[in-house]
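Here are the chains, one letter per residue:
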Amino acid sequence: MTDPVLDVRNVDFTYRPGEAVLRRVSFSVGEREIVGLIGPNGSGKSTLLRVLDGLLKPAAGAVLLRGRPVSRIGREELARTVAAVPQEQPVPFPYRVREIVMMGRFPHLKRFHFEGPDDIEIVREAMEMTGVGGLADRKMGELSGGERQRVWIARALAQEPEVMLLDECTVFLDIRHQLLFFDLLHRLHRTRGIAVLFVTHDVNLAARYAGRLVLLDRGEVRAAGPVWDVLTERNIRGVYGTEVLVDRHPSTGTPRVTTLAAL
Amino acid sequence: MTAYRVLGISLLLALVFLAVVIVSLLSGAVSIPFADALRGIFLGWMPGESPLTAAQRDIVFSIRLPRALFAGIVGASLAVAGAVFQALLRNPLADPYVLGVSGGSAVGAMLGIVAGAASLSVGVPLFAFAGGVLTILPLVGIARKGSDLRSETLLLSGVIVNAFLSAVILFLLSVASRAELRNAMFWLMGDLSAAGLREAAAGGLVFAAGFVVLYADARPLNLVAMGEETARQLGVELEGLKLRMLLAASLVTAAAVSVSGIIGFVGLMVPHMMRLVFGADHRLHLPACALFGASFLAAADTLARTAVAPSELPVGVVTALCGAPYFIYLLRRRDL
């Protein structure tokens, strides 16, 4: 058993003294693992992601990236290991898709370096893999939501990371694009061996695509482990205040959550 | 983006600037035959070779050349500062004056004019520069306070600072004498007639230093333009970078404004034109803005000198008259 890629140990975080947003949060993301982070609004999911990629500093505890505390790793080095995919982001200037994806190469280049043939090849591959190769010369403003989402993934891929953090990336996508998105994620995970931590509101998508789940409730980990252990009717009732039915999905074999009534 | 593309396009735009300067040397109230003038420009520095009279040579080299160069430096300063502010604040409507540097410089200049500094040759620009720099200082205070320098906060504080300073300017104008008033109006509209070799050299020095600082961060600036969180996630150490760039861009603006007065539209429009033509990558965008801004303002100033010759328009009138309609056209044609 090697070190986990990402190891979260007893993390506390607070924006204001006395109002803890995260309390003693612990879990880990192993080598080549896909972990889903779920929890109701305000449970601290997005804050946790920001702590994980070093944008916010924990008040106590530590986030270890292959055994090293994230807070002691410089931004550039961190960006070579951890890539974040945003949910939807305005692009205020007319950058082209190729330029956006090339921004993923930033942490690999020295200050005055222009991109070399290697970088161009890596960017081409990333665009190919995410299916935006044909859009390389288009401006971001001209793309659909699904296309833009794939550009953000391509940019993350161009960073050549070991871990990808995804923050509710599918909320603005229709059901087809949601599935395409997660299929792509799975493919990347298989072919590149990238560990993935994704945040989502959709417990069914989480159940289907994650290997393990972490259920967050008011800043604390309520349950963590295999999907069947986390997605129980009891857990969901306790955390979401909602009566649900959990059964086996007839075709995927993963848990299926059907909402019944809000309590 | 490759270094060759940046160099190639920069060279091209430098040639455009050279052409504008030559045309500017040939135009003016005193007409000089075209062929003579051309030979004079290229051979004039050799003793005995010039076909121009001593008076003509004086006009071309001691009056028109420093003024064209100075116009170029002011244009470059405003365009580069505008581009940097637009990217840092992620706001396509930002310009070099957005944080109040112009207002501060104007108050300084008005004080100088009212205090009679106009009789000293460097008086008014010195006052204006001091005023501009003093406006930047509270900005540094705001910037230092939180680790995160929110662009909305900056924009709003700029609006407020400018509003306050406008009131001070109006007050100073209301107590000014008639002669002072005319001086003040020309300064406020932007006017390059005070430009000499010394101003061109000083402005050039400040611009060069500022440009080096800004261009060193051209690549991370691309990411900052996408959003600060994104920039950090992609590996930019934001601390220091924003403050460094805000200060450099503000100083470059203050230096330009201190002599030229408040020339509008160059710093807003040139970055948009350059982005439309060459894209938004700042490694090319900044030099393109510098060179085209220089050409644009030198051309506008030539027009200002000659349109109603032998009298002169303030160059700010020309830039606003050309700039505003063009900008509306841009807005209608496509999104920025």
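1. Observations regarding the overall build of chain A
Phase 1 of the analysis: In terms of regular secondary structure, chain A is built from nine helices and twelve strands.
Phase 2 of the analysis: By the compact-globule yardstick of 18 Å for 263 residues, chain A fits well, its C-alpha radius of gyration being 19 Å.
Phase 3 of the analysis: In terms of overall dimensions, chain A has a C-alpha envelope of 55 × 40 × 40 Å along the principal axes.
Phase 4 of the analysis: A buried classification covers 41% of the 263 residues belonging to chain A.

2. Side note on the overall build of chain B
Phase 1 of the analysis: When its secondary structure is counted, chain B shows 14 helices and zero strands.
Phase 2 of the analysis: Reading chain B from its N terminus to its C terminus gives the helix and strand order α-α-α-α-α-α-α-α-α-α-α-α-α-α.
Phase 3 of the analysis: Against the 2.2 N^0.38 benchmark of 20 Å for 336 residues, chain B shows a C-alpha radius of gyration of 20 Å, consistent with a compact globule.
Phase 4 of the analysis: Principal axes of the C-alpha set define a box for chain B whose edges measure 65 × 55 × 40 Å.

3. What about the interface of chain B and chain A?
Phase 1 of the analysis: Across the contact, 23 residues belong to chain B and 21 residues belong to chain A.
Phase 2 of the analysis: Of all the elements in the fold, those that place two or more residues in the side of chain B that touches chain A are helix 9 (218-224) and helix 10 (228-233) of chain B.

4. Concerning the sheet that holds strand 5 (residues 68-69) of chain A
Residues and elements named next belong to chain A.
Phase 1 of the analysis: Ordered in space as 2-1-4-5, the four strands form an open sheet in which the pairing is antiparallel. Every other strand in the sheet has two partners, leaving strand 2 (19-29) and strand 5 as the edge strands with one partner each.
Phase 2 of the analysis: Of the strand pairs in this sheet, strand 1 (residues 6-16) and strand 4 (residues 60-65) are connected by five bridges, and their pairing is antiparallel. The partner of V8 across the bridge, within strand 4, is V63.
Phase 3 of the analysis: Packing against the sheet, helix 1 (residues 45-52) makes contact with strand 1, strand 2 and strand 4, and its axis sits at approximately 65° to strand 2.

5. Digging into helix 13 (residues 282-306) of chain B
Phase 1 of the analysis: In a regular helix each residue adds 1.5 Å, so 25 residues correspond to 36 Å; helix 13 of chain B covers 35 Å between its end C-alpha atoms and thus fits that length.
Phase 2 of the analysis: In terms of burial, helix 13 of chain B is a largely internal element, 22 of the 25 residues being buried.

6. Looking at the sheet that holds strand 8 (residues 195-199) of chain A
All names here are of chain A.
Phase 1 of the analysis: Read across the open sheet, the six strands follow the order 6-7-8-3-9-10; overall the sheet is mixed. Each edge of the sheet is formed by a strand with only one pairing partner; in this case those strands are strand 6 (82-85) and strand 10 (220-226). On average, each strand axis in the sheet is inclined to that of its neighbour by 15°, with strand direction left out of account.
Phase 2 of the analysis: Sheet topology places strand 6 next to strand 7 (residues 163-167); four bridges connect them, and they run parallel. Each bridged residue has a counterpart across the sheet, and for V85 the counterpart in strand 7 is L166.
Phase 3 of the analysis: Helix-sheet contacts for helix 9 (residues 233-240) involve strand 9 (212-217) and strand 10, and the interaxial angle to strand 10 is about 155°.

7. A word on the domain arrangement of chain A
Residues and elements named next belong to chain A.
Phase 1 of the analysis: As assigned here, chain A comprises domain 1 (4-81 + 161-262) and domain 2 (95-159).
Phase 2 of the analysis: The C-alpha-based centres of domain 1 and domain 2 are spaced at 26 Å.
Phase 3 of the analysis: Taken together, the twelve residues of domain 1 in the interface contact twelve residues of domain 2.
Phase 4 of the analysis: At the level of secondary structure, the elements contributing two or more residues to the side of domain 1 that touches domain 2 comprise helix 2 (75-79) and helix 6 (175-192).
Phase 5 of the analysis: It is helix 6 that provides the largest number of residues to the side of domain 1 that touches domain 2, a total of four residues.

8. Quick look at the packing of helix 3 (residues 54-88) of chain B against helix 12 (residues 266-278) of chain B
Residue and element names in this part refer to chain B.
Phase 1 of the analysis: At a minimum axis distance of 7 Å, the contact between helix 3 and helix 12 shows a crossing angle of 70°. With respect to each other, helix 3 and helix 12 are oriented roughly perpendicular. Counting all contacts with helix 3, which are made through G75, L78, A79, A81, G82, A83 and Q86, the residues of helix 12 involved are V266, G267, L268, V270 and P271.
Phase 2 of the analysis: Residues belonging to the contact of helix 3 with helix 12 are distributed by class as follows: eight nonpolar, four polar and no charged.

9. Notes on the nonpolar core
Phase 1 of the analysis: Counting 178 residues, the largest nonpolar core has V101 and V163 of chain A together with A79, V80, V84, V252 and C289 of chain B as the members making the most contacts within it.
Phase 2 of the analysis: Both domains that meet at this core, namely domain 1 (4-81 + 161-262) and domain 2 (95-159) of chain A, each give it at least three residues.

10. So, the environment of V97 of chain A
Residues and elements named next belong to chain A.
Phase 1 of the analysis: By the element assignment, V97 lies in helix 3 (residues 97-102).
Phase 2 of the analysis: Taking the number of C-beta atoms within 10 Å as the measure of exposure, V97 has 26 and is therefore buried.
Phase 3 of the analysis: Sequence-wise, V97 and A224 are 127 residues apart; in three dimensions their C-alpha atoms are separated by 38 Å.

11. Some points on the pairing of strand 1 of chain A
Residue and element names in this part refer to chain A.
Phase 1 of the analysis: Alignment of strand 1 against strand 2, held across seven bridges, turns out to be antiparallel. Its bridge partner being in strand 2, R16 is matched across the sheet by E19.
Phase 2 of the analysis: Here strand 1 folds back onto strand 2, and the loop between the two strands holds two residues, one of which, G18, carries a positive phi near 90°.

12. Section: the packing of helix 3 of chain B against helix 11 (residues 241-260) of chain B
Residue and element names in this part refer to chain B.
Phase 1 of the analysis: Packing of helix 3 against helix 11 leaves a shortest axis separation of 9 Å and a crossing angle of 150°. For the element pair helix 3 / helix 11, the angle class is roughly antiparallel. Classified by chirality, the crossing of helix 11 by helix 3 is left-handed. Between helix 3, through I73, V74, S77, L78, V80, A81, V84, F85 and L88, and helix 11, the contact on the second element is made entirely by K242, M245, L246, A249, V252, T253, A255, A256 and S260.

13. Regarding helix 12 of chain B
Residues and elements named next belong to chain B.
Phase 1 of the analysis: With 13 residues, helix 12 extends 17 Å between its outermost C-alpha atoms, agreeing within 8% with the 18 Å of an ideal straight helix rising 1.5 Å per residue.
Phase 2 of the analysis: Taken together, the buried positions of helix 12 are occupied by V266, G267, L268, M269, V270, P271, H272, M274 and R275.
Phase 3 of the analysis: Where the residues of helix 12 are buried, they touch helix 3, helix 13 and helix 14 (315-333).
Phase 4 of the analysis: Of the residues flanking the end of helix 12, it is G279, one or two places downstream, whose phi is positive at about 90°.

14. A short note on the environment of L143 of chain A
Phase 1 of the analysis: The topology assignment puts L143 of chain A in the loop between helix 4 (117-129) and helix 5 (145-158).
Phase 2 of the analysis: Not counting the four nearest positions on each side in its chain, L143 of chain A is found in contact with L135, R138, R148 and V151 of chain A.

15. Describing the confidence of the model for chain B
Phase 1 of the analysis: In the predicted model, chain B carries a mean pLDDT of 86, and the fraction of residues at 70 or more is 92%.
Phase 2 of the analysis: Ranking the elements of chain B by mean pLDDT puts helix 2 (residues 34-43) of chain B last, at 71, and helix 13 of chain B first, at 95.

16. Side note on unusual backbone geometry
Phase 1 of the analysis: Positive phi, close to 50°, is recorded for R32 of chain A, a residue that is not glycine.
Phase 2 of the analysis: Note that R32 of chain A resides in the loop between strand 2 and strand 3 (34-38).
Phase 3 of the analysis: Overall, R32 of chain A belongs to the partly exposed group, with 15 C-beta atoms counted inside 10 Å.
Phase 4 of the analysis: With a phi angle near 75°, F265 of chain B is a residue other than glycine that sits in the positive phi range.

Criteria and thresholds
- Residues numbered from 1 in each chain as written.
- Chains lettered and ligands numbered in written order.
- Predicted model: local features only at pLDDT ≥ 70, side-chain atom pairs only at ≥ 80, totals over all residues.
- Helix = DSSP H or I, 4+ residues; strand = E, 2+ residues; numbered from the N terminus.
- Rg over C-alpha atoms; globule rule 2.2 N^0.38 Å.
- Buried ≥ 20, exposed ≤ 12 C-beta atoms within 10 Å, placed from the backbone.
- Contact = placed C-beta atoms within 7 Å.
- Pairing = 2+ DSSP bridges.
- Axes fitted to C-alpha atoms, helices over the stretch in contact; angles between N-to-C directions.
- Expected span 1.5 Å × (residues − 1).
- Domains from an automatic or database assignment.
- Parallel < 35°, antiparallel > 145°, perpendicular 65-115°, else oblique.
- Nonpolar A, V, L, I, M, F, W, Y, C, P; charged D, E, K, R; others polar.
- Core = buried A, V, L, I, M, F, W, Y, C linked by C-beta atoms within 7 Å.
- Left-handed = near helix turned anticlockwise from the far one by under 90°.
- pLDDT = per-residue confidence, 0-100.

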